[in-house]
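The chain contents come next:
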Amino acid sequence: MTDPTRSIQRRFPGIPTLEGAGVRLKRSFSNPEVPLFDPFLLLDRFGSNNPADYLAGFPWHPHRGIETVTYMLDGRVAHGDTLGNEGVIGPGDVQWMNSGSGIIHQEMPQRTEGMLAGLQLWVNLPGREKMSTPAYRGLSAPEFPSVTLDNGARVLAVAGKYGNVEGPVRGIPVDPTYLDVQVPAGETFEHPTPSGYTAFAHAIAGAGTFGGNDSGVVPSGETVLFSAGDRIAARAGAGGFRFLLVTGRPLHEPVAWYGPIVMNTRAELQTAMQELDRGEFIHHRRPIVEE
Ligand code: FE
């Protein structure tokens, strides 16, 4: 009988990348990795003590055909969008934004003492949902349930379930699980993951191993894609291990990708570009009410 525990299929140390108007971040995976991570498209980790690395931010830009998930670890980011949402998100807060047919938004880091840090994941939408009405979920840290296990491990659920704990982000087409897991030094953690689903982990802090000790230590900042199987197993190193565990149902659809727009065909991309040129990109907008 084969061991159902997933092993590490590939490791992604994160490539220094300049994004937005000049934000230094580390890109774990992106366009070149399609379709390895299907239904996930991109993972960026930003983190710096130096405001020059992030203050330029991500001024107004469009998205279509995807969901963007921002998880703040430290610092604050102000945002605004064409649905009329605006606000500031801070440590532990999550924005789960469905761009659907089109949204134009900005994400501008605020100058703060100490770190600005976080993660942004892009989740693909199935073709039938790509031109749907955009939706924005803004969730603050206290809204996420967590559970502490007997060995001291703590699991916080953004989406999907851990035991009886379920994250508040529900109804996403690819049925994602998005868990923030903290394991004390030397302790272990196991979690069932649906077979046939894509699964990956991103090491947020500390270091540890996955799927047995022969896979090598995964340091902070690294992302690992798991092989097939129906559970993951982790063991924390001497300094403890905090990681993001993400799973989702693959779409197995063609991907046509240009910048912040991800569709199924080149023709759909061309339509999006033409609509941007003509100022017709936004199909759904919160109605402006005259006072
Ligand atoms: Fe964006």
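Criteria and cut-off values
Residues numbered from 1 in each chain as written. Predicted model: local features only at pLDDT ≥ 70, side-chain atom pairs only at ≥ 80, totals over all residues. Heavy atoms only, no water. Helix = DSSP H or I, 4+ residues; strand = E, 2+ residues; numbered from the N terminus. Buried < 20%, exposed > 50% of the residue type's maximum accessible area, 1.4 Å probe, protein only. Pairing = 2+ DSSP bridges. Axes fitted to C-alpha atoms, helices over the stretch in contact; angles between N-to-C directions. Donors = N, O, S within 2.8 Å, 3.2 Å for Na, K, Ca; no water. 1 Å grid on protein atoms, 1.4 Å probe; cavity = no way out; pocket = protein on both sides within 12 Å on 5 of 7 lines; lining within 4 Å. Points joined across faces, edges and corners; volume = space filled by probe spheres on them. Nonpolar A, V, L, I, M, F, W, Y, C, P; charged D, E, K, R; others polar. Domains from an automatic or database assignment. Contact = heavy atoms within 4.5 Å. Buried area = accessible area lost by both parts, 1.4 Å probe. Salt bridge = Lys/Arg side-chain N within 4 Å of Asp/Glu carboxyl O. Polar contact = N/O pair within 3.5 Å; in protein donor to acceptor, adjacent residues only side chain to side chain.

Asker: Is there a simple way to explain the side chain of T198 in this structure?
Answerer: Mapped onto the elements, T198 comes out in strand 19 (residues 198–210). The exposure class assigned to T198 is buried, which follows from its relative accessible area of 10%.

Asker: Hey, could you run me through the sheet that holds strand 2 (residues 15–19) in this one?
Answerer: Strand pairing in a sheet relies on backbone hydrogen bonds. The paired strands run either parallel or antiparallel. In space, the seven strands of this open sheet follow the order 2-3-4-11-6-9-12, with antiparallel pairing throughout. Of all strands in the sheet, those bounded by a partner on one side alone are strand 2 and strand 12 (135–139). Between one strand and the next, the sheet's axes are offset by a mean angle of 20 degrees, whatever the strand orientation. Pairing of strand 2 with strand 3 (residues 23–29), which is carried by five bridges, proceeds in the antiparallel orientation. By the bridge assignment for strand 3, E19 is matched with V23.

Asker: Any chance you could explain the coordination of the iron ion here in plain terms?
Answerer: By definition of the ideal shapes, four donors in a tetrahedron about a metal sit 109.5 degrees apart, and six donors in an octahedron sit 90 or 180 degrees apart. Those protein atoms acting as donors to the iron ion are H61 (NE2), H63 (NE2), H105 (NE2) and E107 (OE), and they sit at 2.1 to 2.7 Å. Coordination of the iron ion draws on donor residues from a single chain, spaced H-x1-H-x41-H-x1-E in sequence. One end of the pair, H61, is in strand 5 (residues 58–63); the other, H105, is in strand 10 (residues 103–109), with 44 residues separating them in the sequence. An identical accessibility class is assigned to H61 and H105; each is buried.

Asker: Explanation requested: empty space enclosed by the protein in the structure shown.
Answerer: The gaps of empty space that remain are located by a probe, the size of a water molecule, rolled over the atoms. Scanning all chains against the criterion turns up one cavity of 30 Å³ or more. By volume, the largest cavity amounts to about 30 Å³. What lines the largest cavity is H79, G80, D81, Q95, M97, H105, Q106 and Y136. Counting residues per element, the ones that place at least two in the lining of the largest cavity are strand 7 (77–81), strand 9 (94–98) and strand 10. The element best represented in the lining of the largest cavity is strand 7, accounting for three residues. Residues belonging to the lining of the largest cavity are distributed by class as follows: two nonpolar, five polar and one charged.

Asker: I tried to follow the domain arrangement of the chain on my own but got confused; where do I start?
Answerer: Size of an interface: often given as the accessible area lost when the parts come together. For the chain, the assigned domains are domain 1 (10–143 + 254–291) and domain 2 (144–253). For domain 1 versus domain 2, the separation of C-alpha centres amounts to 23 Å. With 37 residues of domain 1 at the contact, the number on the domain 2 side is 40 residues. For domain 1, the biggest contributors to the area lost against domain 2 are R11, Y71 and W96; these three give 20% of the whole. The interface formed by domain 1 and domain 2 includes one salt bridge. Among the salt bridges present, the one from E222 reaches R11, with a minimum N-O distance of 2.6 Å. Counting every contact that joins domain 1 to domain 2 gives 17 residue pairs in polar contact (both at pLDDT 80 or more). Classifying every residue of the side of domain 1 that touches domain 2 by side-chain character gives 23 nonpolar, six polar and eight charged.

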